[in-house]
Amino acid sequence: MQRLSKGRKLLKTFLRNRTSFIGACMSLALIIIAIFSYWLAPYDPLKQNVYHRLTPPEMIHIFGTDEYGRDVFSRVLTGARISLFVGIVSVALGMIIGTMMGMVAGYAGGKLETAIMRFLDIMMSFPDEVFGVMVMIVLGPGMLNVIIAITILMIPRFARVGHAPTLGIKEMDHIVSAKAIGAGSGRIIIRHILPNIFGDVLVMSSLWLGTAIRLEASLSFLGVGVPPPTPTLGNMVRVGVDFLASGPWVSLFAGLAILFAVFAFNLLGDGLRDITDPKLYAR
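Residues numbered from 1 in each chain as written. Predicted model: local features only at pLDDT ≥ 70, side-chain atom pairs only at ≥ 80, totals over all residues. Heavy atoms only, no water.

Caption draft 1: Main features of the packing of helix 4 (residues 72-108) against helix 7 (residues 143-169). As a packed pair, helix 4 and helix 7 sit with axes 5 Å apart at the nearest point and diverge in direction by 35°. Between helix 4 and helix 7 the crossing geometry is right-handed. Along the lines of polarity and charge, the residues of the contact of helix 4 with helix 7 split into 21 nonpolar, ten polar and no charged. (Axes fitted to C-alpha atoms, helices over the stretch in contact; angles between N-to-C directions. Helix = DSSP H or I, 4+ residues; strand = E, 2+ residues; numbered from the N terminus. Left-handed = near helix turned anticlockwise from the far one by under 90°. Nonpolar A, V, L, I, M, F, W, Y, C, P; charged D, E, K, R; others polar.)

In structure tokens, the structure reads:
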């Protein structure tokens, strides 16, 4: 009965925040569109037709066509799917690896904590785009390498989220009691520390998902992301820059799709932050 009451309070709090509800709807719509983009796209996103190159938006091509006559609407749908896949996978991997590193560093303390956190500080000292380009230069272009690069960028962020709360939680009475009865470090981290910080990790995951999508678009825009002809939102914006005078729609709609995704996941993150606020249960 208590769990049901808490669940209702969470749902009521989330729905009461209109911006959070809108963000959840926008994020859900984006995910559904990405999943079913293959069936929603009216044309093959790779099919060329030079006789209809740079056609402005019309009934047949509602977003127009690009310099090769490819349907921009179909390419935006496919690019959204690829960008969302890269973002979700990289954030998930960064969350798992980074959170575990942060918790281990915070729980172990001493030289291990210093070594891990100072190494992550060095990684975070580089601007995201600069570090991402450095990684992509080493690994080469490709979807898998983009995921690896963004995952590396996400790890220090999640490590900080996992590290700071662990320093206080490990001194709590129930952790001391668990140590006293012989519980191992792994069990304490997974069973006692992780549940206490999972809400913060979840909130930051939704916020940084938008960041991951933006980073993928930035790397593709700089020419070191997923190589053409595979459509991604970033390389569509990059290609469209050369046709801003004759066909601004080539990059416009891809840019709006990036804006929509980042905005949606940031609103969703704000809502999750509200419902995971400990003050909610004190009312």
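Caption draft 2: Layout of the layout of surface pockets. Of the voids in this model, the largest pocket is the one considered here, and its volume is about 270 Å³. Contributing to the lining of the largest pocket are 16 residues, with Leu30, Val76, Ala80, Ala257 and Phe260 lying nearest its centre. Only helix 2 (18-35), helix 4 and helix 11 (249-275) provide two or more residues apiece to the lining of the largest pocket. The element best represented in the lining of the largest pocket is helix 4, accounting for six residues. Taken together, the residues that form the lining of the largest pocket break down as 15 nonpolar, one polar and no charged. (1 Å grid on protein atoms, 1.4 Å probe; cavity = no way out; pocket = protein on both sides within 12 Å on 5 of 7 lines; lining within 4 Å. Points joined across faces, edges and corners; volume = space filled by probe spheres on them.)

Caption draft 3: Summary view of the pattern of salt bridges. Under the counting rule described, the total for this entry stands at seven salt bridges. Ionic pairing is found between Arg70 and Glu67, a salt bridge with its closest N-O pair at 4.0 Å. As far as burial versus exposure is concerned, Arg70 and Glu67 are alike and both buried. Between Arg157 and Asp128 there is a salt bridge, with the nearest N and O atoms lying 2.5 Å from each other. With Arg157 in helix 7 and Asp128 in helix 6 (residues 128-139), this residue pair connects regions lying 29 residues apart in the sequence. The same class applies to Arg157 as to Asp128, namely buried. (Salt bridge = Lys/Arg side-chain N within 4 Å of Asp/Glu carboxyl O. Buried < 20%, exposed > 50% of the residue type's maximum accessible area, 1.4 Å probe, protein only.)

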